[in-house]
Amino acid sequence: MHVQQQVQLKSLNTLNLNATVSHYAQINHPDDVVKALAFAEQQQLNVMILSGGSNLLLPQHIQALAIHLNIQGIEVVAQDDQTITVKVGAGQVWHDFVLYSTQQNWFGLQNLALIPGLVGASPVQNIGAYGVEVCEFIESIQVYDRELKCFDSILAQDCHFAYRHSIFKDFPDRYIIISVTFKLLKHASLKLSYGDLKQAVGDEQTAENLQNQVIQIRQSKLPDPRAFPNVGSFFKNPVLTQAEFEKLSQHFPNIPHYPQANDNVKVAAGWLIDQAGWKGKQLGCVGMFHKQALVLVNYADATLEDVKNTYTAVQNDVKQKFSIQLEPEPVLYSEQGLIQPHTV
């Protein structure tokens with residue numbers, strides 16, 4: 001493990017924000033985690049975890065040790081007639097792993113194709129798309145526990161998975177994810193609950209076609225970060241109580257919505273933003289994408305302050321029109337390398 005100093009992170013965050021970190025180390029092996037933490041303790045530095053950089057908001061200067069997870073590998077650890085269990089390194093590119101799983105006739109993850117980021121970040125946010133959440137196929141997560149100072153394995157049922165949430169968000173400074181163990185299906189069981197996806201798949205209801213249609217739909221709506229720097233969906237879809245939704249739908253009967261557990265209802269944040277007039281609208285060099293209002297784009301050389309100004313303006317307009325407070329998805333870091341809450 002080699003520690004570099006004054007490293008520019010612009011190419012390591014998909015919003016393309018200029019951010020220089022005082023210390024940086026790439027982690028290629030689990031043992032490197034222990035060495036990096038020991039260095040940070042010796043130098044009295046906070047530690048921030050870099051995965052694929054697709055869910056980060058970074059300030060221009062960070063005094064901390066950024067550890068960049070690059071642990072690779074896909075290993076079959078068990079199988080039976082119905083399922084196959086595979087352990088995947090935290091540094092594997094998520095989309096590449098989804099494509100590989102389909103090639104191997106392992107089923108379950110096809111709806112999650114083309115989601116940016118690395119495998120290690122997938123359980124943190126409990127990534128989801130088109131009616132599937134990654135927690136449905138996670139068996140366990142291998143971590144380094146910074147509190148107990150040891151490697152450990154956390155079972156899925158102990159991860160407190162919920163919509164865009166997990167134990168790793170509850171305790172962001174405790175666990176460093178080393179690998180994720182998935183239990184996938186050997187027989188295809190396609191989830192086509194979202195209307196546009198079911199229509200796109202049509203009569204050719206195969207896992208490969210499902211995956212291809214997900215990719216095409218996402219490409220048609222979402223900008224490539226290499227062309228339009230972004231972090232994907234910027235806001236969470238609000239989850240309302242049944243009473244809150246009924247009150248809202250009296251004034252806005254066409255609002256897209258999806259039933260959830262406990263009689264809650266999820267509504268489409270992108271629709272709210274669009275109706276508030278922000279689809280394709282910019283504030284300086286930051287704006288909401290013209291094809292998908294849920295995606296915030298850095299159109300020039302934006303700073304974190306520019307991003308904050310834009311998403312706060314979006315929140316305010318949505319709150320005024322719908323009485324709903326949108327919650328940003330990306331993780332916001334301070335200049336000390338610590339995760340901080342988004343101010344309302």
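Residues numbered from 1 in each chain as written. Predicted model: local features only at pLDDT ≥ 70, side-chain atom pairs only at ≥ 80, totals over all residues. Heavy atoms only, no water.

As annotated in an unreviewed UniProt entry, the protein carries the name UDP-N-acetylenolpyruvoylglucosamine reductase and comes from Acinetobacter parvus DSM 16617 = CIP 108168. The record in UniProt for the protein states the following under Sequence similarities (unreviewed entry): "Belongs to the MurB family." If you open the UniProt record of the protein and go to Cofactor (unreviewed entry), you find "FAD". (UniProt positions renumbered as here; feature names shortened; annotations may be inferred.)

1. What to know about the nonpolar core
By size, the foremost hydrophobic cluster in this structure holds 40 residues, and its most contacted members are Trp94, Phe97, Phe168, Phe182, Leu184 and Leu197. Among the elements that take part in this core, strand β12 (residues 175-185) stands out by supplying 5 residues, more than any other. Look past the residues within four positions of Leu184 in its chain and what remains in contact with it is Gln82, Thr83, Ile84, Val86, Phe97, Ser101, Trp106, Phe107, Leu109 and Phe137. Judged by nonpolar contacts, the second largest core, of 36 residues, contains Leu57, Ala268, Val307 and Phe322. (Core = buried A, V, L, I, M, F, W, Y, C linked by side-chain atoms within 4.5 Å. Buried < 20%, exposed > 50% of the residue type's maximum accessible area, 1.4 Å probe, protein only. Helix = DSSP H or I, 4+ residues; strand = E, 2+ residues; numbered from the N terminus. Contact = heavy atoms within 4.5 Å.)

2. A few points about unusual backbone geometry
Even without glycine at this site, Asn16 takes up a positive phi of about 65°. Judged by relative accessible area, which is 26%, Asn16 ranks as partly exposed. Despite not being glycine, Asp263 has its phi angle at roughly 65°, a positive value. Relative to the helices and strands, Asp263 resides in the loop between β15 (257-259) and β16 (265-267).

3. What to know about the packing of aromatic side chains
Scanning the entire structure with this criterion turns up 13 aromatic pairs. Judged by centre distance (5.2 Å) and plane angle (40°), the rings of Phe234 and Tyr311 are tilted. Within this pair, whereas Phe234 is found in the loop between β13 (230-233) and β14 (239-240), its partner Tyr311 is found in helix α8 (residues 304-322), the two being separated by 77 residues in sequence. When sorted by exposure, Phe234 lands in the same class as Tyr311, which is buried. Where Phe252 meets Phe322, the ring centres are 4.6 Å apart and the plane angle is 55°; that geometry is what we call tilted. (Phe/Tyr/Trp six-rings, centres within 6.5 Å; stacked < 30°, edge-to-face > 60°.)

4. Quick word on the pairing of strand β5 (residues 61-69)
With 7 of its 9 residues buried, β5 lies for the most part within the structure. As judged from the 7 bridges shared by strand β2 (residues 20-27) and β5, these two strands associate in the parallel manner. Among the inter-strand pairings, Ala25 is bridged to a residue of β5, identified as Ile67. Pairing of strand β3 (residues 47-50) with β5 involves 4 bridges; the strand directions are parallel. (Pairing = 2+ DSSP bridges.)

5. A look at the sheet that holds strand β19 (residues 295-298)
Judged by pairing direction, the sheet is antiparallel, and its 4 strands sit side by side in the order β13-β19-β18-β17 without closing on themselves. Bordering the open sheet on either side are β13 and β17 (282-283), each of which pairs with just one other strand. Looking at chain direction, strand β18 (residues 286-288) and β19 are connected through 3 bridges and run antiparallel. When the sheet's bridge partners are listed, Val286 is paired in β19 with Asn298.

6. With respect to the sheet that holds β16
Ordered by their spatial adjacency, 3 strands build an open sheet running β14-β16-β15, and the pairing between neighbours is antiparallel. Of all strands in the sheet, those with a lone pairing partner are β14 and β15, marking the two edges. The pairing of β15 with β16 spans 3 bridges and is antiparallel. Residue pairing across strands places Tyr258 opposite Lys266, the latter belonging to β16.

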